[in-house]
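As a plain string of letters, each chain reads:
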Amino acid sequence: MNKSEISTVTQFVLLGFPGPWKIQIMLFSMILLVYILTLTGNTAIICAVRWDHRLHTPMYVLLANFSFLEIWYVTCTIPNMLVNLLSKTKTISFSGCFAQFYFFFSLGTTECFFLCVMAYDRYLAICHPLHYPSIMTGHLCVILVLLCWLIGFLGHGITIFFISQLPFCGPNIIDHFLCDVDPLITLSCAPAPIIEHVSHSVSSLIIILTILYILGSYALVLRAVLQVPSSAGRQKAFSTCGSHLVVVSLFYGTIMAMYVSPTSGNSVAMHKVITLIYSVVTPVLNPFIYSLRNREMKFALRQVICGMKILKPS
């Protein structure tokens, strides 16, 4: 049978968080507030790094790029989620669903590699401080950033393309607030065990390899920090690396529960909560985690806020 005769689904229904209208309004208000805070916090970090010349170092350049990534990561899901909370139809087009699927996975993969590069930067700075300026040059920093984006957006492209070519002839209801791999493959009219296996294998491989690299880097960092004679030096190193590890723990803890460990026994509601944590909650916490224990960043952020107040018309 011709594919055009089978694939009759032109849109999907994202159920999101079903409930009474008052609950929908409350969720809309909370998620909108989180979205605004995410945009504001991450934009403030980008501006602070851009305007404060003391922050023109690889660590802060990587942090600014990470904040830029987080802005797009939440933007590919939250606006549509907000629309669906106020919508009665809660529909998303076929192409829109797969576009969201592609960008959500690509940006998530890019984040994994960014965290790896940030761990590598901290490893060089603490374990090889004398060689750090000659190794982590601006040129290398740019190359690493570009590689993160390139690998992130190429990592899942082929598997997502093949999933989009599966026949979808109904039903078209996705019990989630975004287009994810498992619900889409489940809705396909034809079984696709090979594509499903390859998709999960690629996701698991990327997550496991990157987290092992990050943990290995910080294990070496911890060993080096414990050998620092001064307590002030140890405290500064722990402060910098501690914020990175908190972000890594939040992000990887949830994505591993979702894409690496067996989730067939988990309820749909649990899947939504886990996805909500790593796709919405973690990005809004990152600016606070990275700035609260970093004096240079706090000072630069104060300068940004003061500059915004000065620019306001009297």
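Residues numbered from 1 in each chain as written. Predicted model: local features only at pLDDT ≥ 70, side-chain atom pairs only at ≥ 80, totals over all residues. Heavy atoms only, no water.

**Brief notes about the nonpolar core**
Stage number 1. Formed by 88 residues in total, the largest nonpolar core has its most connected members in Phe 12, Phe 101, Leu 115, Tyr 252, Tyr 259, Tyr 278 and Met 297.
Stage number 2. Excluding anything up to four places from it in sequence, Met 297 contacts Ile 45, Ala 48, Val 49, Leu 55, Tyr 60, Leu 63, Tyr 290 and Ser 291. (Core = buried A, V, L, I, M, F, W, Y, C linked by side-chain atoms within 4.5 Å. Buried < 20%, exposed > 50% of the residue type's maximum accessible area, 1.4 Å probe, protein only. Contact = heavy atoms within 4.5 Å.)

**Details of the state of the cysteines**
Stage number 1. This model, assessed by the stated rule, comprises two disulfides.
Stage number 2. Two residues, Cys 97 and Cys 179, share a disulfide whose sulfurs are 2.0 Å apart. For the disulfide bridge between Cys 97 and Cys 179, the dihedral angle about the S-S bond is near -125 degrees, and by the sign convention the bridge is left-handed. Placement of the pair is Cys 97 in helix H5 (residues 94-127) and Cys 179 in the loop between strand E3 (173-174) and helix H9 (181-187), with a sequence separation of 82 residues. For the pair shown, Cys 97 and Cys 179 are each scored as buried.
Stage number 3. The partner cysteine of Cys 169 in its disulfide is Cys 189, sulfur to sulfur 1.8 Å. Between Cys 169 and Cys 189, the S-S dihedral sits near -135 degrees, and the bridge is therefore left-handed. You can see Cys 169 sitting in the loop between helix H8 (157-164) and E3 and its partner Cys 189 sitting in the loop between H9 and helix H10 (193-226), a full 20 residues away along the chain. (Disulfide = S-S within 2.5 Å. Helix = DSSP H or I, 4+ residues; strand = E, 2+ residues; numbered from the N terminus.)

**Examining the packing of aromatic side chains**
Stage number 1. Using the criterion set out here, one finds 22 aromatic pairs in the structure.
Stage number 2. Ring centres of Phe 68 and Trp 72 lie 6.3 Å apart, and the angle between their planes is 75 degrees; on these two criteria the pair is classed as edge-to-face. Highlighted residues: Phe 68 and Trp 72, both in helix H3 (residues 58-75), separated by four residues, approximately one helical turn.
Stage number 3. Judged by centre distance (5.0 Å) and plane angle (40 degrees), the rings of Phe 94 and Phe 98 are tilted. Taken together, the residues span about one helical turn, with Phe 94 and Phe 98 both in helix H5 at a distance of four residues.
Stage number 4. By relative accessible area, Phe 94 is classed as partly exposed at 23%.
Stage number 5. Over the ring of Phe 17 we find Lys 272, and its NZ or CZ is 5.9 Å from the ring centre. (Phe/Tyr/Trp six-rings, centres within 6.5 Å; stacked < 30°, edge-to-face > 60°. Lys NZ or Arg CZ within 6 Å of the ring centre and 35° of its normal.)

**Some details on the UniProt feature "transmembrane region" (unreviewed entry) in the chain**
Stage number 1. When the UniProt feature table is mapped onto this chain, "transmembrane region" (unreviewed entry) is found at residues 25-48, 60-81, 101-120, 140-163, 205-226, 238-261 and 273-292.
Stage number 2. With 100% helix and 0% strand, the stretch residues 25-48 has end C-alpha atoms that lie 34 Å from each other.
Stage number 3. With 92% helix and 0% strand, the stretch residues 140-163 has end C-alpha atoms that lie 36 Å from each other. (UniProt positions renumbered as here; feature names shortened; annotations may be inferred.)

**Concerning the packing of H5 against helix H7 (residues 138-154)**
Stage number 1. Direction vectors running N to C along H5 and H7 enclose 145 degrees, while the axes themselves pass 7 Å from each other. Considering only the axes of H5 and H7, their crossing is right-handed. Facing H5, whose interface residues are Tyr 102, Phe 103, Ser 106, Leu 107, Thr 109, Thr 110, Phe 113, Phe 114, Val 117 and Tyr 120, H7 presents Leu 144, Val 145, Cys 148, Trp 149, Ile 151, Gly 152 and Phe 153.
Stage number 2. Its residues placed into classes, the contact of H5 with H7 shows 13 nonpolar, four polar and no charged. (Axes fitted to C-alpha atoms, helices over the stretch in contact; angles between N-to-C directions. Left-handed = near helix turned anticlockwise from the far one by under 90°. Nonpolar A, V, L, I, M, F, W, Y, C, P; charged D, E, K, R; others polar.)

**Brief notes about the pattern of salt bridges**
Stage number 1. Enumeration according to the criterion identifies three salt bridges in this entry.
Stage number 2. Between Arg 54 and Asp 52 there is a salt bridge; the shortest N-O distance is 3.1 Å.
Stage number 3. A relative accessible area of 57% means that Arg 54 is categorised as exposed.
Stage number 4. A salt bridge links Asp 175 to Lys 272, with the shortest nitrogen-to-oxygen separation between them at 2.8 Å. You can see Asp 175 sitting in the loop between E3 and H9 and its partner Lys 272 sitting in helix H12 (residues 268-292), a full 97 residues away along the chain.
Stage number 5. For Asp 175, a relative accessible area of 34% gives the class partly exposed. (Salt bridge = Lys/Arg side-chain N within 4 Å of Asp/Glu carboxyl O.)

**Description of the sheet that holds strand E1 (residues 11-14)**
Working definition: the strands of a sheet are paired by backbone hydrogen bonds and lie parallel or antiparallel to each other.
Stage number 1. Strand order in this open sheet of three strands is E2-E1-E3, and the pairing throughout is mixed. At either margin of the open sheet sits one strand with a lone partner, and together these are strand E2 (91-93) and E3.
Stage number 2. As paired elements, E1 and E3 share two bridges and run parallel to each other. Counted as the bridge partner of Val 13 is Ile 173 from E3.
Stage number 3. Sheet strands touched by H5: E1, E2 and E3. Its angle to E2, the strand with the most contacts, is close to 85 degrees. (Pairing = 2+ DSSP bridges.)

**Points about unusual backbone geometry**
Stage number 1. In the Ramachandran plot, Lys 90 falls in the positive-phi region, its phi being about 55 degrees despite a non-glycine side chain.
Stage number 2. Summarising the element assignment, Lys 90 is placed in the loop between helix H4 (78-86) and E2.

**Digging into the environment of Tyr 259**
Stage number 1. Relative to the elements of secondary structure, Tyr 259 occurs in helix H11 (residues 231-259).
Stage number 2. Given a relative accessible area of 9%, Tyr 259 falls into the buried group.
Stage number 3. Remark: the alpha-carbon pair of Tyr 259 and Ser 203, spanning 56 residues in sequence, is separated by 6.8 Å.
Stage number 4. Excluding residues that lie within four positions of it along the chain, Tyr 259 makes contacts with Phe 104, Phe 105, Asp 180, Val 181, His 200, Ser 204, Ile 207 and Tyr 278.
Stage number 5. Within the structure, the side chain of Tyr 259 is placed 2.7 Å from the side chain of Tyr 278, a separation counted as a polar contact. (Polar contact = N/O pair within 3.5 Å; in protein donor to acceptor, adjacent residues only side chain to side chain.)

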